[in-house]
Amino acid sequence: MAAQAGKEVVYSWEGTDKKGKRVKGEMKASGEAFVNATLRRQGITVAKVRKSRLKTGGKVTEKDVTLFTRQLATMMKSGVPLLQAFDIVGKGHSNPAVAKLLGDIKSDVETGSSLSQAFRKYPLYFDSLFCNLVGAGEAAGILDALLDRLATYKEKILAIKSKIKSALFYPVSIIVVAFVITAVIMIFVIPAFKELFSSFGADLPAPTLVIMAISDFFVSYWWAIFGSIGGGLWFFFYTWKRSEKMQATMDRLFLKMPIFGEIIRKATIARFSRTLSTMFAAGVPLVEALDSVAGASGNKVYYDATKKVQGEISTGTSLTVAMQNTEVFPNMVLQMVAIGEESGALDSMLSKVADFYEGEVDDAVEAMSSLMEPIIMVVLGTLIGGMVVAMYLPIFKMGQVV
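A brief report on the enclosed structure follows. (Residues numbered from 1 in each chain as written. Predicted model: local features only at pLDDT ≥ 70, side-chain atom pairs only at ≥ 80, totals over all residues. Heavy atoms only, no water.)

## What about the overall build of the protein?
Now for step 1: Each helix and strand counted, the protein has 15 helices and three strands in total.
Now for step 2: A globule of 402 residues ought to have a C-alpha radius of gyration of about 21 Å, yet the protein, at 30 Å, is considerably larger.
Now for step 3: Each principal axis of the C-alpha atoms in the protein carries an extent, and together these give about 100 × 70 × 35 Å.
Now for step 4: Here the protein holds 402 residues, and 38% of them are scored as buried.
Now for step 5: In the protein, once contacts between residues fewer than 6 apart in sequence are set aside, the share between residues at least 24 apart is 59%.
Now for step 6: Looking at the protein as shown, the accessible area adds up to about 22,600 Å², and 61% of this sits on carbon and sulfur atoms.
Now for step 7: Both charge centroids of the protein, one from 44 positive and one from 37 negative side chains, sit 9 Å from each other. (Helix = DSSP H or I, 4+ residues; strand = E, 2+ residues; numbered from the N terminus. Rg over C-alpha atoms; globule rule 2.2 N^0.38 Å. Buried < 20%, exposed > 50% of the residue type's maximum accessible area, 1.4 Å probe, protein only. Contact = heavy atoms within 4.5 Å. Areas by Shrake-Rupley, 256 points an atom, 1.4 Å probe, with all protein chains shown as cover. Lys, Arg positive; Asp, Glu negative; His and termini not counted. Charge placed at Lys NZ, Arg CZ, Asp CG, Glu CD.)

Okay, structure coming up:
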């Protein structure tokens, strides 16, 4: 075992087995000598051993973590030992980054760490809610049930995030396409018309002159226009990621946006309810659970509200009253929470609230998509059609004169 004391790396090997059949594979070891000795004990005649080039590319996404959680829950419910489950999931994954992450976690568990401790070493992928639920499952001896609940939770949250992204992606992509088309027309198409009109020797209509003036500006300062837009977007997102004040401001603006604001509010309430329901059902104390709920809310307004609720509950206020004092939760949510507190079924009531608002988000996104299509067609038609008509007006005018 002393040979394995050093840092382990992956080695690729080739050789022949006892029957003379050519075999090859990979092994994690601290050196070539250990690989050779291990293979000899297995009756393999080694022909070649070399360090394996690490596969690069890919990153661990939230979808990968959700899928892994579901697979691990299913295997543990089926009676597959924990370490073997990690082996099966890790080796069967097409993303090298996920396989490496699972291999590292498995190594931590093999050396005596609990599963929750191993997860806590990777906060980028496993948040406090995830680790707390796994820890609660280990302590109570119901890890398979808690993993199943956690997988369901992550699947629901992933679905609601996907809905929000799809709702925002459609109009943003149309705006980008419209800008690119407009820029191409202004820089390449309209200058060709300008050369044609210069030989007319007549006064041009006002709309044509306006479009040509805008085109001249695009042609002369295209580098400044694209540079300003690109630099502005980069600075905006850079500041947004690193400034808490900027994040708080944008979160408040998002909630006040027409149409989109209501969808974001409903999605945030669904996340709040789903997270609190999952934590409470796992036996996590309410005050402690609200820490994870605040982080999972995804909006600074609701983060601050949850922290306020946590502070009031710790001084003896009921959850319903504390939520009511924040003035950010609808009456329906407050009534369901009140019923849950009185009946002792708070987790069930919160789960129903989450189901209701997730359905509301689905309906709102579908309605918005149906509404946006004709609006976008009208806007694009007016924009592109207006430019085309403005450039053909002089030709129509000449036709009338002739």
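## With respect to the nonpolar core
Now for step 1: Formed by 74 residues in total, the largest nonpolar core has its most connected members in I105, F119, F126, L276, L319 and M323.
Now for step 2: When residues no more than four places from it in sequence are discounted, the contact partners of F119 are F68, F86, I105, F126, F130, C131 and V134.
Now for step 3: Counting residues in each nonpolar core, the second largest holds 15 residues, with A183, I185, L204 and M391 among its members. (Core = buried A, V, L, I, M, F, W, Y, C linked by side-chain atoms within 4.5 Å.)

## A look at the side chain of S273
Now for step 1: Take S273: it is sitting in helix α10 (residues 260–281).
Now for step 2: Taking relative accessible area as the criterion, S273 reaches 0% and is therefore assigned buried.
Now for step 3: In contact with S273, not counting residues within four places along its chain, are L350, V353 and A354.

## What about the pattern of salt bridges?
Now for step 1: In the structure shown here, the tally under the stated rule is 14 salt bridges.
Now for step 2: R22 is the partner of E14 in a salt bridge, and the nearest nitrogen-oxygen pair spans 3.3 Å.
Now for step 3: Relative accessible area serves as the criterion here: at 17%, E14 is assigned to the buried category.
Now for step 4: A relative accessible area of 59% means that R22 is categorised as exposed.
Now for step 5: Among the ionic pairs, K100 bridges to D104, the shortest N-O distance being 3.1 Å. Taken together, the residues span about one helical turn, with K100 and D104 both in helix α4 (residues 96–110) at a distance of four residues.
Now for step 6: Through salt bridges with shared partners, one network takes in R70, K77, D148 and E155. (Salt bridge = Lys/Arg side-chain N within 4 Å of Asp/Glu carboxyl O.)

## Regarding the packing of aromatic side chains
Ring pairs (aromatic) are described by centroid distance and by the angle formed between their planes.
Now for step 1: Applying the stated rule across the entire model yields 15 aromatic pairs.
Now for step 2: Arranged with centres 4.8 Å apart and planes meeting at 50°, the rings of F272 and F329 form a pair that is tilted. You can see F272 sitting in helix α10 and its partner F329 sitting in the loop between α13 (319–326) and α14 (331–343), a full 57 residues away along the chain.
Now for step 3: Of the residues examined, F272 reaches a relative accessible area of 1% and is grouped as buried.
Now for step 4: Classification of F329 by relative accessible area gives buried; the value is 7%.
Now for step 5: Feature note: the residues F68, F86, F119, F126 and F130 constitute an aromatic cluster, connected by ring pairs. (Phe/Tyr/Trp six-rings, centres within 6.5 Å; stacked < 30°, edge-to-face > 60°.)

## Description of the packing of helix α6 (residues 128–140) against helix α7 (residues 143–197)
A pair of packed helices is characterised by two quantities: the angle between their axes and the separation of those axes.
Now for step 1: It is at 7 Å that the axes of α6 and α7 come closest, and there the two elements cross at 155°. The angle between α6 and α7 places the two elements in the roughly antiparallel class. Like other packed secondary-structure pairs, α6 and α7 cross with a definite hand, here right-handed. Only L143, L146, L147, L150, Y153 and K154 of α7 make contact with α6, whose side of the interface consists of L129, F130, L133, V134, G137 and E138. (Axes fitted to C-alpha atoms, helices over the stretch in contact; angles between N-to-C directions. Parallel < 35°, antiparallel > 145°, perpendicular 65-115°, else oblique. Left-handed = near helix turned anticlockwise from the far one by under 90°.)

## So, the packing of helix α11 (residues 286–296) against helix α12 (residues 300–313)
Now for step 1: Contact geometry of α11 with α12 gives a least axis separation of 9 Å together with a crossing angle of 175°. Between α11 and α12, the angle falls in the class roughly antiparallel. Only Y303, T306, K307, V309, Q310 and I313 of α12 make contact with α11, whose side of the interface consists of L286, V287, L290, D291, V293, A294 and G295.
Now for step 2: In terms of residue class, the contact of α11 with α12 is built from eight nonpolar, three polar and two charged. (Nonpolar A, V, L, I, M, F, W, Y, C, P; charged D, E, K, R; others polar.)

## Notes on the environment of G15
Now for step 1: You can see G15 is positioned in strand β1 (residues 9–16).
Now for step 2: Exposure remark for G15: the relative accessible area of 1% places this residue in the buried category.
Now for step 3: Sequence separation between G15 and G25 is 10 residues, and the spatial gap between their C-alpha atoms is 9.2 Å.
Now for step 4: Non-local contacts of G15, meaning those with residues more than four positions away in its chain, are made with K21, R22, V23, I44, T45, V46 and A47.

## Some points on unusual backbone geometry
Now for step 1: Residues other than glycine seldom take positive phi values, yet E327 does so here, at roughly 60°.
Now for step 2: Given a relative accessible area of 71%, E327 falls into the exposed group.

## Examining the side chain of T182
Now for step 1: In this fold, T182 is placed in helix α7.
Now for step 2: Of the residues examined, T182 reaches a relative accessible area of 12% and is grouped as buried.
Now for step 3: A polar atom in the side chain of T182 sits 2.7 Å from the backbone oxygen of A178.
Now for step 4: The residues contacting T182, other than those within four sequence positions of it, are L383, I384 and M387. (Polar contact = N/O pair within 3.5 Å; in protein donor to acceptor, adjacent residues only side chain to side chain.)

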